[in-house]
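In case you want the letters, here they are:
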Amino acid sequence: MSLTQYRSGPLVTGVAAVAAVLVALTGCSSKPDNKGSAPASAEANLPAADGLLKDSSTAMGDIKTAKFLITSDGTIAGVALKRADGVLTKEGNAQGTAQVEQMGTTSDLAFTVVGQTMWLKGPTGDYQQIPLALAAAVYDPSAILDPNRGIAKVVGSATEGKTEASESVDGQATYRVSAKFPAENLSKVVPGVTGSVPGRLWIAKDNKRLLKAAFDLPAVGDAKGGTVTVTFSDFDAAVTIAPPK
């Protein structure tokens, strides 16, 4: 089957939606969003942001698996992602669901990535098997937990960091750090990003893992940008991802 054929019919929605899910995972946009977090507490001596960012980058580079949740508002890179959740492995395998809104219609999708193959399932019908390279042309999911390309690299390359406050995220004590993220690294996990992107990170006080991230994504073409909140949890839990039957 040719690339043109892959881009026709229901695969357009599927590939675009999954790409949006994976892109949002590692930093699709967000305005500062404290939803789900306890109010910030004032501290006289907050730790320096540079140290927190360095420690968090190291901690995230060691992660083997993670669970993610994405909630969003707005129009992002042409695909309106409303919600996504699932699991990822350092090897690049992934499994989860996504809810997208296109042409005024909300669709629920399931996706699985194992090795170099992706399986997609829309609201009706069976799973469709496509080469990972087709989706990777838009986004490479193996980058997310890759310490040299993924979220660890993005956190470690942040500039103008400032520790703003202490907050609680899902009952865990964190430091909220604002920073800017150069497109040179962020574009590896958020294709199309240009310039310096502002955002906020919620870094766990105890182990310095990234629990939550929010980034401001500018308009791209017809997409006006929007707000996305990404959370990570269940780090290094036992995960088995297999092709759907």
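The following refers to the structure shown. (Residues numbered from 1 in each chain as written. Predicted model: local features only at pLDDT ≥ 70, side-chain atom pairs only at ≥ 80, totals over all residues. Heavy atoms only, no water.)

The helix and strand inventory of the protein stands at 6 helices and 11 strands. Burial status across the protein gives 49% buried among its 245 residues. Considering only contacts within the protein whose residues lie at least 6 apart along the sequence, 59% involve residues at least 24 apart. (Helix = DSSP H or I, 4+ residues; strand = E, 2+ residues; numbered from the N terminus. Buried < 20%, exposed > 50% of the residue type's maximum accessible area, 1.4 Å probe, protein only. Contact = heavy atoms within 4.5 Å.)

Turning to unusual backbone geometry, a few remarks are in order. For D170, which is not glycine, the phi torsion reads 50° and is therefore positive. Looking at the secondary structure, you find D170 in the loop between strand 7 (159-169) and strand 8 (172-182). A relative accessible area of 64% places D170 in the exposed class. For D234, which is not glycine, the phi torsion reads 50° and is therefore positive. By the secondary structure assignment, D234 is in the segment after strand 11 (225-233). Note on D234: relative accessible area 47%, which makes it partly exposed.

To continue, consider the pattern of salt bridges. Counted under the stated rule, the structure contains 6 salt bridges. Two residues, D146 and R149, come together in a salt bridge whose shortest N-O distance is 3.2 Å. Across the pair R176 and E167 runs a salt bridge whose closest N-O atoms are separated by 2.6 Å. A single burial state applies to R176 and to E167, both of which are buried. One network of salt bridges, with partners in common, ties together E164, E167, R176 and R200. (Salt bridge = Lys/Arg side-chain N within 4 Å of Asp/Glu carboxyl O.)

What follows concerns the pairing of strand 5 (residues 117-121). Burial analysis of strand 5 places 4 of its 5 residues in the buried class, the great majority of the element. Here strand 4 (residues 105-114) pairs with strand 5 via 5 bridges, running antiparallel. Bridge assignment links A110 to a residue of strand 5, and that residue is K121. Remark: 2 residues form the turn of the hairpin made by strand 4 and strand 5, two consecutive strands paired antiparallel; G115 in that turn has positive phi of roughly 60°. Pairing between strand 5 and strand 6 (residues 128-131): 4 bridges, direction antiparallel. Opposite T117, over in strand 6, you have P131 as the bridge partner. In textbook terms, the turn of a hairpin is the stretch between consecutive antiparallel strands, and for strand 5 and strand 6 this stretch comprises 6 residues, one of which, G125, has a positive phi near 85°. (Pairing = 2+ DSSP bridges.)

Attention shifts here to the nonpolar core. Nonpolar side chains in soluble globular proteins tend to be buried together. Of all hydrophobic cores here, the largest spans 45 residues; its most connected members are F181, L201 and L210. In this structure F181 touches V154, A158, L186, G195, S196, V197, P198, G199, L201 and F215, once residues within four positions along its chain are discounted. (Core = buried A, V, L, I, M, F, W, Y, C linked by side-chain atoms within 4.5 Å.)

Within a pair of aromatic rings, the relevant descriptors are the distance that separates the centres and the angle that separates the planes. A full pass over the atoms with the stated rule returns 1 aromatic pair. Look at F181 and F215: their rings are 4.9 Å apart centre to centre, the planes differ by 70°, and that puts the pair in the edge-to-face class. Remark: F215 occurs in strand 10 (residues 210-215) and F181 occurs in strand 8; sequence separation between them is 34 residues. The ring of W202 has K212 lying over it, and the distance from NZ or CZ to the ring centre is 4.5 Å. (Phe/Tyr/Trp six-rings, centres within 6.5 Å; stacked < 30°, edge-to-face > 60°. Lys NZ or Arg CZ within 6 Å of the ring centre and 35° of its normal.)

For helix 3 (residues 49-61), with 13 residues, the first-to-last C-alpha span of 18 Å sits near the 18 Å given by 1.5 Å per residue. When helix 3 is considered as a whole, its buried residues turn out to be A49, L52, L53, S56, S57, A59, M60 and G61. The secondary structure elements touched by the buried residues of helix 3 are helix 5 (151-156), strand 7, strand 8, strand 9 (196-204) and strand 10. (Expected span 1.5 Å × (residues − 1).)

Okay, the pairing of strand 10 next. Look at any regular strand and the pattern is simple: side chains alternate between the two faces of the sheet. Counting buried positions along strand 10 gives 6 out of 6 residues, so the element sits mostly inside the fold. Note that strand 9 and strand 10 share 5 bridges and pair antiparallel. Note on strand 10: the bridge partner recorded for I203 is L210. Linking two consecutive strands that pair antiparallel, namely strand 9 and strand 10, is a turn of 5 residues; a positive phi of about 65° is found at K208 within it.

This part covers the side chain of R176. Take R176: it is sitting in strand 8. Side-chain polar atoms of R176 contact the side chain of E167, separated by 2.6 Å. (Polar contact = N/O pair within 3.5 Å; in protein donor to acceptor, adjacent residues only side chain to side chain.)

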